[in-house]
Amino acid sequence: MKFIHTGDLHLDSPFQGLSNSFPEQLWDQVHQSTFLAWQRIVDLAIDQQVDFVVVVGDIFDREHHGVAAEDFFVKQCQRLDQHQIPVYLSYGNHDYQDVATDPLMLPGNVHVFDNKVETKHLQLADHRQVALTGFSYGSRWLEDDVALAYPSRENVDFHIGLLHGAIIQGTDNHYAPFQIEELVAKDYDYWALGHIHKHGIINQQPPIVYCGDPQGRHINEDGEHGCYLVEEENGRLVPHFHPVATITWQTVIVNLPADCVSLPAVRLVISKQLNQQLIGPELTIVRLVIKPRQRLNIDIDRLLDYLQHDSQDHQSICWWVMDIMVKQVTELPAIDKNDIQYWQKAATMVFNKDMIKKLMNDSKLQRYHFLADQVDQQMINQLQEQAEQLLGQRGVSDGDSSN
Ligand SMILES: [Mn+2]
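Residues numbered from 1 in each chain as written. Predicted model: local features only at pLDDT ≥ 70, side-chain atom pairs only at ≥ 80, totals over all residues. Heavy atoms only, no water.

### Quick notes on the domain arrangement of the protein chain
The condition that has to hold: For the domains described, the bounds stem from an automatic or database domain assignment. In what follows, residue pairs with any heavy atoms lying within 4.5 Å of each other are defined as contacts. Accessible area that two parts lose when put together, with a 1.4 Å probe and added across both, is what the buried area reports. Any Lys or Arg side-chain nitrogen found within 4 Å of a carboxyl oxygen on Asp or Glu counts as a salt bridge. Identification of polar contacts relies on pairs of N or O atoms within 3.5 Å, with a donor-acceptor requirement for protein atoms, meaning one able to donate a hydrogen and the other able to accept it, and with residues adjacent in sequence counted only if both atoms are side-chain atoms. When residues are grouped by polarity, Ala, Val, Leu, Ile, Met, Phe, Trp, Tyr, Cys and Pro land in nonpolar, Asp, Glu, Lys and Arg in charged, and all others, Gly among them, in polar.
As assigned here, the protein chain comprises domain 1 (2-243), domain 2 (246-329) and domain 3 (331-397). Summarising the inter-unit geometry, the C-alpha centres of domain 1 and domain 2 are found 35 Å apart. Contacts between the two partners involve 20 residues from domain 1 and, on the opposite side, 16 residues from domain 2. Both faces considered, domain 1 and domain 2 share a buried interface measuring about 1500 Å² in area, 64% of it formed by carbon and sulfur atoms. In this structure, Glu282 and Arg40 form a salt bridge, with 3.2 Å as the shortest nitrogen-oxygen distance. Where domain 1 meets domain 2, there are five residue pairs in polar contact (both at pLDDT 80 or more). Within the side of domain 1 that touches domain 2, the residues separate by chemical class into eight nonpolar, eight polar and four charged.

### Points about the pairing of strand S5 (residues 118-123)
Note the following rule: Whether two strands pair comes down to DSSP finding at least two bridges between them. Runs of E in the DSSP output that reach at least two residues are strands. Runs of H or I that reach at least four are helices, and both are numbered from the N terminus.
Both S5 and strand S6 (residues 129-134) contribute to a ladder of six bridges, which runs antiparallel. Residue Leu122 lies in a different strand from S6, and its bridge partner there is Val130.

### Quick word on helix H1 (residues 24-48)
The criterion, for reference: Any helix carries an expected span of 1.5 Å times its number of residues minus one. Bend is computed residue by residue as the angle between axes fitted to the seven residues ending at the residue and the seven residues starting at it. To sort residues, take the accessible area from a 1.4 Å probe on protein chains only and compare it with the maximum for the residue type: under 20% means buried, over 50% means exposed, and anything in between is partly exposed.
With 25 residues, H1 extends 36 Å between its outermost C-alpha atoms, agreeing within 8% with the 36 Å of an ideal straight helix rising 1.5 Å per residue. The sharpest bend along H1 reaches about 45 degrees and sits at Ser33. Listing the buried residues of H1 in full gives Leu26, Val30, Ser33, Thr34, Phe35, Ala37, Trp38, Ile41, Val42, Leu44, Ala45 and Ile46.

### What to know about the side chain of Ser13
Here Ser13 shows up in the loop between strand S1 (2-6) and H1. Judged by relative accessible area, which is 2%, Ser13 ranks as buried. In contact with Ser13, not counting residues within four places along its chain, are His31, Thr34, Asp61 and Arg217.

This is the structure in structure tokens:
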């Protein structure tokens with residue numbers, strides 16, 4: 001038996017954050033990417049003749065999604081229907097709704113999980129029995145330990161759990177918080193998780209797996225994105241990752257050689273490096289991080305213009321630099337060896353998830369509480385780096401003014 005585990009399709013994602021300079025001819029490609037990712041997953045399902053497809057929440061990016069997104073989703077489900085492939089679907093925190101009044105005209109092969117945890121059953125072609133347990137979000141937040149409502153393993157050949165949620169951590173747990181041990185204790189064969197957009201296996205046996213979003217939507221969703229093809233191997237369910245994203249987000253770090261200080265020289269080094277480091281098979285949108293050996297005195301906006309121009313030299317655009325960060329060599333004022341531990345201690349007290357969230361909640365951003373949920377380690381590291389650079393610059397200028 002084999003099935004596809006996907007979720008977090010975020011169809012019709014608006015891709016905010018790309019600037020006005022983004023080329024017209026790429027907009028269409030970017031806008032289509034979430035749709036294309038879902039289409040490729042359906043292609044894979046048909047090609048592999050899977051027994052069923054599991055979609056674990058956040059099919060749509062917003063609860064009020066466009067008709068075009070609905071239509072596209074339904075049409076792909078119809079393709080699966082034509083190949084007798086059932087779909088087991090739950091709604092997540094982005095597309096939560098009262099399942100009883102779901103307006104979607106879904107074909108008969110699509111089975112939507114109720115707003116309360118329920119178990120659906122499926123008989124495979126070889127008569128073996130599969131149980132699938134899951135639920136759909138009825139509201140944006142779900143703070144209960146929903147895992148408690150999942151039944152223990154039934155007397156079936158395979159029992160699969162669907163859960164759109166996050167592991168309990170800190171104080172803000174709005175998305176069906178759970179602990180790995182709770183899921184393991186159910187004795188299921190596979191846990192298909194959604195919500196976290198980075199794909200990964202968080203427990204080996206049984207596999208507890210985040211499928212990630214099949215198409216990354218911004219620079220913090222970098223790297224490969226796709227779905228899992230889960231196959232039975234020696235009685236166990238083994239997930240295999242399949243990339244499907246057409247747009248790849250990537251941070252590219254370029255260390256400039258010591259003599260590389262002029263704008264044309266920097267431009268040349270970066271263009272070369274970009275062609276060597278890119279990982280995306282189609283279009284890669286790049287955040288460029290430049291690390292010069294000495295203080296760099298060039299016009300960064302101009303450099304960005306040049307690089308964006310360079311990428312359009314090719315017949316088809318395969319990379320696009322969206323922004324540039326320069327990591328100057330002087331990062332911190334010289335700190336005494338004994339003091340560095342105090343600096344590090346202070347940094348961990350300030351730059352942690354709870355503190356950043358508290359700052360955001362105390363500020364004028366309070367209305368936008370969902371922003372606090374977007375805080376991740378990558379963002380915290382960036383904040384710390386930027387603060388260190390600011391402190392470094394302050395240290396230098398203070399020194400200058402005292403001269
Ligand atoms: Mn999501």
